[in-house]
Amino acid sequence: MAEKKTAKKTSKKSKTPQTLVIVESPAKAHTIEQILGPGYTVKASMGHLIDLPKSRMAIDVDNNFQPEYITVRGRSKLLKELQKDAKKADYVLLASDNDREGEAIAWHLNNALKDKTSAKISRIVFNEITPIEISEAVKNPGEIVESKVNAQKARRVLDRLVGYNLSPLLWSKVKNGLSAGRVQSVALRLICEREKEVEDFLPEEYWSLDADFQKGKTSFTAQLVKYNGENPELKSEAAVNDIMEKIKNSPCVVSSIKKSEKTVRPKAPFTTSKLQQAAANRLGYTSRKTMQIAQQLYEGIQIGQNHVGLITYMRTDSVRISDTALADVRGWIEKNYPKDLPEEPIHYTVGKAAQDAHEGIRPTYTTYTPESVKEYLTHDQFRLYSIIWERFVSSQMNNAKMITTSVEITSGDAVFRVAASKVSEKGFYNVIKLLSSKEDKSTSLPAMKEGEEIQVLKFHPEQHFTQGPARYTDASIVRMLEEKGIGRPSTYAPIISVLLDRYYVTRSNKQLVPTQLGRMISKILVESFPAVINESFTAEVENNLDKVEADELVWNNMIGDFYEPFKHRVEEVMTTQESIKGFLDEETDKVCDLCGKPMIKKLGRFGFFLACSGFPECHNTKSIPLAVCPCKDCGGEIVTRKSKGRGKEFYGCTNYPKCNFISHFKPIDQYCPQCGWFLVEKFDKKHGTYKSCINPDCDYLHSADGEEPIIMEGED
């Protein structure tokens, strides 16, 4: 009997080892599970499961600033499920993102799982979600990097200490419910300082003089560049008229023709900041939208039967590219544009401050051209993927070459100049579509010879005013944050979002404009904490965090050096700072329709609103009317409304649904002198900010100050 039992046991097949892989998001889990196949279960932690509580500071300042972590509210069920899954597994692979935040998630998971399972727990990292990269990561598991966890811990503790000390100060002195952050407050300072520059700027008048010339059947326009051998300074209409009067009867002679060749080099693959800037400038995307779409492309898109990660990790400050990726793209170029393949791969310099933990942002497979996957992508995904693909592929192609022809035409003592360029060698421009630039726009001139006389058709004097500094946009504030070493790739988009969500900043025509509340808070913080709310301190913190990650600095010591003087200053300001609570409240002539008491204009989290002065007995609130509804016999008022789902602002009538008037442009409390409808503020690159009547049948368009009418192209 014993022999039979033994025989039965030996004939039994050995059990296949089971591996649990834990990533951060369900989309990524789905893609990786398809790649790994049987024997692997891939689950998502949904980000942090263990973190600092929101309701208290939770930093033990008397015990080396140790954080008091808890299971995030609403996540205990998910954590227990992962613990059960880990108990059944033979191996657990922690595959959260390969950055400080991801390392901290892996560290917390390891602590939460290690006593619940006998499985071996390891850490794996990867830069792209492809079969080769995932398989390689699984074959070579490693350990959690403690120094990287400490760098995340240091940032988290420092931000908590700053926020939980400054926020109560603002509650006491300005308004309940306000908050302040270490990095966001510096970004707010930059935006407020730029707004001050915009307001203080005094425009100065100047003029330009163009002339239309004709050679044969072709006409072209040239600009006055010299007068009496000097650069003309045309500060008045009289100065321009004087020149025109003196040269109007002079012959126009081609005095110089020069040709030059210019080499245009391709740009490096995208970093996070450069991607956000390009997406803002080329596609009109906010930083938050760019990162949301990039996350989708990274985690995986259903392409036919497969779930494919289309791009590499999108939070990076490096332009380094792997040898495998270089071989892939060079193979594609050799097949499609062999004449534009350089002899050797092109390597781009990584910035000194770059952590270089990841490659630059690139497509995972060059063969997945934008057009080949277009049917599987949303419109926004396709556009963002296109600029990523174009930027990467073009970065490994030959330079383009431009031939520029510069022609000077002399009329009396005046010299006019015109230049035209054309592409002589397309090089990397062959794959550029959405990323096309002005340099890729060829222009042409008629054939001319030096010494020949040509005909002048008309002079075009034009008045201008010097332009002041531009307000920040998503693109320019990200560029500034990067240049000044404020924040890291993962924080650029959240910085902007937090300022908007807190109503410290609003968007107007894609420009970031500080609110009255934002300016007030920034003034208090900058004046009271100049050593903290400044660029150099914030950049120094980033450098110190890098040192912590490199094991060159103990994180507790870094926090200790900062905290004592900071805490002392908070206590001092709490005593000396004058309260301005209620400063923003204004009495109105509106009456509460519930109790009859006056309504007060107040500032809330989402902007100004009307509240009954009878609060707390009466809780009536209303949106502030921006204008009178223009619809005949309506009698309603135009207020701010938000669309369902996306929460996008628009402006509609208070008599909705009886009146369905809406506008996507904000009323400016001024009315059209031609038809009486309300005016809105619009913006475009050519005309800047201008006023326009909301009436579709009215053509009133004027400059922002209302002084000058605006003529759009195509109008007389």
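Right above here is the structure, for reference.
Just so you know, these numbers come straight off a predicted model, no measurement behind them.

Cut-offs and rules
- Residues numbered from 1 in each chain as written.
- Predicted model: local features only at pLDDT ≥ 70, side-chain atom pairs only at ≥ 80, totals over all residues.
- Heavy atoms only, no water.
- Helix = DSSP H or I, 4+ residues; strand = E, 2+ residues; numbered from the N terminus.
- Buried < 20%, exposed > 50% of the residue type's maximum accessible area, 1.4 Å probe, protein only.
- Contact = heavy atoms within 4.5 Å.
- Areas by Shrake-Rupley, 256 points an atom, 1.4 Å probe, with all protein chains shown as cover.
- Lys, Arg positive; Asp, Glu negative; His and termini not counted.
- Charge placed at Lys NZ, Arg CZ, Asp CG, Glu CD.
- Phe/Tyr/Trp six-rings, centres within 6.5 Å; stacked < 30°, edge-to-face > 60°.
- Lys NZ or Arg CZ within 6 Å of the ring centre and 35° of its normal.
- Axes fitted to C-alpha atoms, helices over the stretch in contact; angles between N-to-C directions.
- Parallel < 35°, antiparallel > 145°, perpendicular 65-115°, else oblique.
- Nonpolar A, V, L, I, M, F, W, Y, C, P; charged D, E, K, R; others polar.
- Pairing = 2+ DSSP bridges.
- Polar contact = N/O pair within 3.5 Å; in protein donor to acceptor, adjacent residues only side chain to side chain.
- Expected span 1.5 Å × (residues − 1).

This brings us to the overall build of the protein chain. Secondary structure assignment for the protein chain yields 18 helices and 30 strands. On the principal axes, the C-alpha backbone points of the protein chain span a range of 120 × 80 × 55 Å. Counting over 716 residues, the protein chain shows a buried share of 46%. In the protein chain, the proportion of contacts linking residues at least 24 apart, taken out of those at least 6 apart, comes to 65%. Entry remark: accessible area of the protein chain is about 38000 Å², with carbon and sulfur atoms responsible for 49%. Each charge class in the protein chain was averaged separately, 100 positive and 96 negative side chains, and the resulting centres sit 8 Å apart.

Taken as a whole and assessed by the stated rule, the structure comprises 15 aromatic pairs. Consider the rings of Tyr 69 and Trp 107, whose centres lie 6.3 Å apart with planes at 70°: the pair is edge-to-face. Of this pair, Tyr 69 sits in the loop between strand E5 (66-67) and strand E6 (70-71) while Trp 107 sits in helix H4 (residues 100-113), and the two are 38 residues apart along the sequence. Residue classification places Trp 107 among the buried residues on the basis of a relative accessible area of 17%. Grouped by ring-pair contacts, the aromatic residues Phe 213, Phe 220, Phe 416 and Phe 459 constitute a single cluster. Against the face of Phe 382 rests Lys 374, its NZ or CZ located 4.8 Å from the ring centre. Above the plane of the ring of Tyr 656 lies Arg 641, whose end atom (NZ or CZ) is 4.3 Å from the centre.

Moving on: the environment of Ala 238. Locating Ala 238 in the fold gives a position in helix H8 (residues 237-247). The exposure class of Ala 238 is exposed, given its relative accessible area of 52%. Along the chain, Ala 238 and Val 505 lie 267 residues apart, while their C-alpha atoms are 43 Å from each other.

Where helix H7 (residues 182-200) contacts helix H15 (residues 492-501), the two axes come as close as 10 Å, and the packing angle between them is 75°. Relative to H15, the element H7 lies roughly perpendicular. Residues Val 183, Gln 184, Ala 187, Leu 188 and Ile 191 of H7 pack against Ile 495, Val 498 and Leu 499 of H15. Tallied by class, the residues present in the contact of H7 with H15 amount to seven nonpolar, one polar and no charged.

Okay, the sheet that holds strand E24 (residues 637-642) next. Either a parallel or an antiparallel arrangement is found when strands of a sheet pair, and the pairing is made through backbone hydrogen bonds. Taken together, the four strands give an open sheet; going across it, the order is E23-E24-E25-E26, and neighbouring strands pair in antiparallel fashion. Each edge of the open sheet is held by one strand with a lone partner, namely strand E23 (627-628) and strand E26 (662-663).

Here the residue pair Phe 615 and Pro 616 is connected by a cis peptide bond, since its omega of 15° sits within 30 degrees of zero. Mapped onto the elements of the fold, Pro 616 is located in the loop between strand E21 (607-612) and strand E22 (621-622). For the peptide bond that leads from Tyr 656 to Pro 657, omega is 10°, which places it in the cis range. Within the secondary structure, Pro 657 sits in the loop between strand E25 (649-653) and E26. Phi angles above zero are rare outside glycine, and Asn 64 is one such case at about 55°. Residues other than glycine seldom take positive phi values, yet Asn 509 does so here, at roughly 50°.

By the element assignment, Thr 404 lies in strand E14 (residues 400-411). A residue is classified by how much of its surface remains accessible, and Thr 404, at 19% relative accessible area, is buried. At 3.0 Å, the side chain of Thr 404 forms a polar contact with the side chain of Ser 421. When sequence neighbours within four positions are dropped, the list of residues in contact with Thr 404 reads Lys 258, Lys 259, Ser 260, Ala 419, Ala 420 and Ser 421.

Before going further, it helps to spend a moment on helix H6 (residues 146-173). Here H6 contains 28 residues, and its C-alpha end-to-end distance of 41 Å stays within 8% of the 40 Å for a straight helix at 1.5 Å per residue. For H6, the buried fraction is high: 21 of the 28 residues fall into the buried class.

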